[in-house]
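This is what each chain is made of:
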Amino acid sequence: MPSSDITLRHDWTKTEISSLFELPFNDLLFQAQSIHRQNFEPNEVQVSTLLSIKTGACPEDCGYCSQSANNDAEVERERLLPLDEVIEKAQLAKDNGASRFCMGAAWRNPTDKNLDKVIDMIVAVKGIGMETCVTLGMLTDTQSQRLKDAGLDYYNHNLDTSPEHYGNVITTRTYQDRLDTLKHVRDAGINVCSGGILGMGEERIDRSSLLQQLANLPEHPDSVPINMLVQVEGTPLHGVDKIEPLEFVRTIAVARIIMPKSVVRLSAGRTEMSDETQALCFLAGANSIFYGDRLLTTDNPDENHDQRLFDKLGINKKLGTIPADTGKASCACG
Ligand code: SAM
Ligand code: DTB
Ligand code: SF4
């Protein structure tokens, strides 16, 4: 059974993290899996479903993103979705076995008027008995508090890459802007979901540096999404050298070791990964995925494929913890 008496460190040095990366692969995975078992049920994976509630025409210039107005990717722009459509999609996700519903908007930051509408969505999705997560861009402290008061469970805001590589990828918001939003979310008492993207032309030292930033936050993020870049035609990062699968697995393992109690999500990029690579990611300590055949604007493996993979590996979906609005039943959305 997982035990809880483990000390969480917030003083990791780059040298220490680099040494973990350099361990023989089997030693690294053995260490990561051992730590995983001390803190989590080893054969349990949490599943979330994503929905883009506002798509495209984003003023930011993130070099990886299909939704930036600065990039030439072909995405169908959509205004903020109506509430009934969001509820319908959330119910479908729940019926398909997801325990959390994550809603993403292509904004630099939400206006207060848009936040009102997102709050209605959060209340409705919680009402059907799912955990909620939103990713809306930068937030003020007041906006974070409003989301907390609405009952939001998680806010996703990624650091994306190392501070050193960051300027090669994004110029319209600073690393400090991201850290400030994470502080507002944390101070409001919302669970923090923050991670990054691998395969954006960074070096191993950047991957160490990103993980160092995440682990040395005042609190480890509750959830750490590790995305593999989904290369989208028309974006500046299309065609960049891909990250080797075993290096991706190593990064998951190091995240597991230095943030032992955080849920590590094997996030975007799974359509490009073999079942064997994904199995190694779970062995390295990943214990969450996005479930459903769509991420925000790009494809994800379909549920049947993922269920077959879980069956082959003996993995169970983690049950949700949010009670349905009857106030009686625990979510059995497994
Ligand atoms: N617009 C908001 C923001 O950026 O803060 C929220 C939505 S944004 C799409 C959420 C995250 O998705 C990004 O921070 C990035 O880490 C990830 N992401 C976006 N495009 C991606 C891609 N092509 N491949 C992998 N991850 C991606
Ligand atoms: C995260 O770290 N990954 C998700 C979620 N948070 C919002 C987004 C992945 C997006 C992949 C590209 C797309 O579908 O547009
Ligand atoms: Fe906009 Fe978010 Fe895409 Fe950046 S990642 S361009 S902020 S939608």
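Structure shown above.
Before going into details, it helps to say that this report is about the structure given with it. (Residues numbered from 1 in each chain as written. Chains lettered and ligands numbered in written order. Predicted model: local features only at pLDDT ≥ 70, side-chain atom pairs only at ≥ 80, totals over all residues. Heavy atoms only, no water.)

Considering the overall build of the chain
Thought 1: Scanning the chain for helices and strands turns up 11 helices and 10 strands.
Thought 2: Carbon and sulfur atoms form 48% of the exposed surface of the chain, whose accessible area is close to 14,400 Å².
Thought 3: Considering the chain, the positive charge centre built from 33 side chains and the negative charge centre built from 48 side chains are found 3 Å apart. (Helix = DSSP H or I, 4+ residues; strand = E, 2+ residues; numbered from the N terminus. Areas by Shrake-Rupley, 256 points an atom, 1.4 Å probe, with all protein chains shown as cover. Lys, Arg positive; Asp, Glu negative; His and termini not counted. Charge placed at Lys NZ, Arg CZ, Asp CG, Glu CD.)

A look at helix α8 (residues 204-215)
Residues three or four positions apart in an α-helix share a direction because the helix packs 3.6 residues into each turn.
Thought 1: Look at α8: 17 Å from first C-alpha to last across 12 residues, which is about the 16 Å you get at 1.5 Å a residue.
Thought 2: The buried fraction of α8 amounts to 9 of the 12 residues, a majority that puts the element mostly inside the structure.
Thought 3: Turning to α8, its buried residues number three or more, namely Asp206, Arg207, Ser208, Ser209, Leu210, Leu211, Gln212, Leu214 and Ala215.
Thought 4: Contacts from the buried residues of α8 go to α1 (14-21), α6 (163-166), α7 (175-188), β6 (196-198), β7 (223-228) and α9 (245-258). (Expected span 1.5 Å × (residues − 1). Buried < 20%, exposed > 50% of the residue type's maximum accessible area, 1.4 Å probe, protein only. Contact = heavy atoms within 4.5 Å.)

Brief notes about the packing of helix α5 (residues 141-149) against α7
Thought 1: Remark: α5 packs on α7, axes separated minimally by 8 Å, with the N-to-C direction vectors making an angle of 40°. Of the possible angle classes, the one that applies to α5 and α7 is oblique. At the point where α5 passes α7, the crossing takes the right-handed sense. Judged by residue contacts, Asp141, Ser144, Gln145 and Lys148 of α5 engage His184, Val185 and Ala188 from α7.
Thought 2: Each residue belonging to the contact of α5 with α7 can be placed in one class, and the counts come to 2 nonpolar, 3 polar and 2 charged. (Axes fitted to C-alpha atoms, helices over the stretch in contact; angles between N-to-C directions. Parallel < 35°, antiparallel > 145°, perpendicular 65-115°, else oblique. Left-handed = near helix turned anticlockwise from the far one by under 90°. Nonpolar A, V, L, I, M, F, W, Y, C, P; charged D, E, K, R; others polar.)

As for the site of ligand 1
Thought 1: Looking at ligand 1, there are 16 residues lining it, with Ala105, Thr135, Asn158, Asp160 and Val230 nearest.
Thought 2: Side-chain polar atom of Arg173 to an oxygen atom of ligand 1: 3.3 Å apart, as the coordinates give it.
Thought 3: In this structure, a nitrogen atom belonging to ligand 1 sits 3.0 Å away from a main-chain N or O atom of Val230.
Thought 4: The class makeup of the residues in the shell around ligand 1 is 9 nonpolar, 5 polar and 2 charged. (Near = heavy atom within 4 Å. Polar contact = N/O pair within 3.5 Å; in protein donor to acceptor, adjacent residues only side chain to side chain.)

Considerations on the side chain of Glu60
Thought 1: Mapping Glu60 onto the fold places it in the loop between β1 (44-54) and α3 (83-95).
Thought 2: In this structure the side chain of Glu60 is engaged in a polar contact, spanning 3.0 Å, whose partner is the side chain of Arg108.
Thought 3: In contact with Glu60, other than residues within four places in its own chain, are Ser68, Ala69, Asn70, Arg108, Thr172 and Arg173.

Structural notes on the site of ligand 2
Thought 1: Near ligand 2 there are 14 residues, and of these Asn158, Asn227, Leu296, Thr297 and Thr298 occur at the shortest range.
Thought 2: Interatomic distance of 2.8 Å between a side-chain N/O atom of Asn158 and an oxygen atom of ligand 2.
Thought 3: Note that an oxygen atom of ligand 2 is positioned 2.8 Å from one of the side-chain N or O atoms of Asn227.
Thought 4: Of the residues contributing to the shell around ligand 2, the split by class is 6 nonpolar, 8 polar and no charged.

Comments concerning the side chain of Thr181
Thought 1: Tracing the sequence through the fold places Thr181 in helix α7.
Thought 2: With sequence-adjacent residues up to four places away left out, Thr181 is seen in contact with Gly137, Met138, Leu139, Tyr155 and His157.

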